[in-house]
Every structure is written in structure tokens, then in C-alpha cells.
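Structural features, examined
If you want the building blocks of each chain, they are given just below.
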Amino acid sequence: MTRYLISFDDGSMTFPQEDFPAVAEASRAVLREAKAAGVWIFGGGILNQRASVVATDGSVSDGPYPETKAVIGGFSIIEVPSRDEALMWAAKFASSCRCAQELREIMYDPES
């Protein structure tokens with residue numbers, strides 16, 4: 001089984017505000033379906049774009065600040081047997097969220 005990151009860009013969900021309840025319910029329905037299918041690992045929305053960087057010496061600095069609009073707005077991690085199945089789930093999320101989704105394979109820790 002392979003794990004995949006399905007994500008969308010912050011600000012890419014552009015639909016009328018009055019459609020939000022329907023979009024939220026459609027997204028939750030896909031989430032429930034993924035859980036029932038046993039493919040759901042974890043996911044969530046990014047609350048804000050504030051970041052802190054912890055250096056190798058333990059020092060902390062604010063930033064980096066996104067210079068473009070292409071920053072992650074939310075994500076799902078699924079585990080499925082094939083890329084084709086991962087693309088099918090990405091399509092379900094894209095349809096429910098009304099925005100394009102990006103799919104990336106996640107590399108496992110070699111020690112696990």
C-alpha cells in the first residue's frame with residue numbers, strides 16, 4: 001500500500017458564500033466514504049499561513065512568508081494500493097470541494 005498527499009491551494013475554493021454549507025457537507029461525505037473504505041489516514045485545513053522555522057541549533061525565526069498564492073490550504077493523506085485509486089479519491093475531493101487537488105506520493109521512513 002502506498003500513501004498519498006492530496007492537497008489544494010489556499011484561496012482556490014472560489015464559490016458563492018451561500019454554497020458553503022453544501023460544499024462542506026459534500027466534503028464531509030467524501031471524508032466519511034474514505035474512512036468507511038479504510039483508506040483515510042489524516043487530513044485537515046491549514047488555519048493560517050504563519051510559519052516558524054526551527055534551525056538545527058534550535059533557534060526559532062518567523063517565516064518564511066509565502067510570496068505567491070500557491071500555498072497549501074488543506075490536505076488529506078490516504079493509503080491505497082495504486083496511483084489510479086489515489087487519483088480517483090483526489091477526483092472525489094476535487095468535486096466535493098469545487099477546486100483542483102494536487103496528488104503526491106509520500107515516501108515511507110526506511111526504518112519502518
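Scroll up to find the structure.
Residues numbered from 1 in each chain as written. Predicted model: local features only at pLDDT ≥ 70, side-chain atom pairs only at ≥ 80, totals over all residues. Heavy atoms only, no water.

**Some points on the pattern of salt bridges**
We apply this condition: Salt bridge, as applied in this entry: a Lys or Arg side-chain nitrogen positioned within 4 Å of an Asp or Glu carboxyl oxygen. In DSSP terms, a helix is any run of H or I states spanning at least four residues, a strand is any run of E spanning at least two, and both are numbered starting from the N terminus. When accessible area is computed with a 1.4 Å probe and restricted to protein chains, residues below 20% of their type maximum are described as buried, those above 50% as exposed, and intermediate ones as partly exposed.
With the rule as written, the count across this model stands at six salt bridges. The salt bridge partner of D19 is R98, with a shortest N-O separation of 2.8 Å. Residue D19 is located in the loop between β1 (2-9) and α1 (20-37), and its partner R98 is located in the loop between α2 (83-97) and β6 (102-106); the two are separated by 79 residues in the primary sequence. With a relative accessible area of 41%, R98 lands in the partly exposed category.

**A few points about the packing of aromatic side chains**
To keep things clear, this is the line we draw: When two rings of Phe, Tyr or Trp (its six-membered ring) have centres within 6.5 Å they constitute a pair, described as stacked for plane angles under 30 degrees, edge-to-face for angles over 60, and tilted for the intermediate range. Throughout this description, the term charge over a ring refers to an Arg CZ or Lys NZ atom that lies within 6 Å of the ring centre and within 35 degrees of the ring normal.
In the structure shown here, the tally under the stated rule is two aromatic pairs. With centroids separated by 6.4 Å and ring planes inclined at 40°, the aromatic side chains of W40 and F93 adopt a geometry described as tilted. Of this pair, W40 sits in strand β2 (residues 40-45) while F93 sits in helix α2, and the two are 53 residues apart along the sequence. Its relative accessible area of 6% is what places F93 among the buried residues. When the ring of F42 is compared with that of F75, the centres are 5.9 Å apart and the planes differ by 45°; the resulting orientation is tilted. Of this pair, F42 sits in strand β2 while F75 sits in strand β5 (residues 72-80), and the two are 33 residues apart along the sequence. Above the ring of W89, the side-chain terminus of K92 is found at 4.9 Å from the ring centroid. In this structure, R98 packs its charged tip against the face of F15, placed 5.7 Å from the ring centre.

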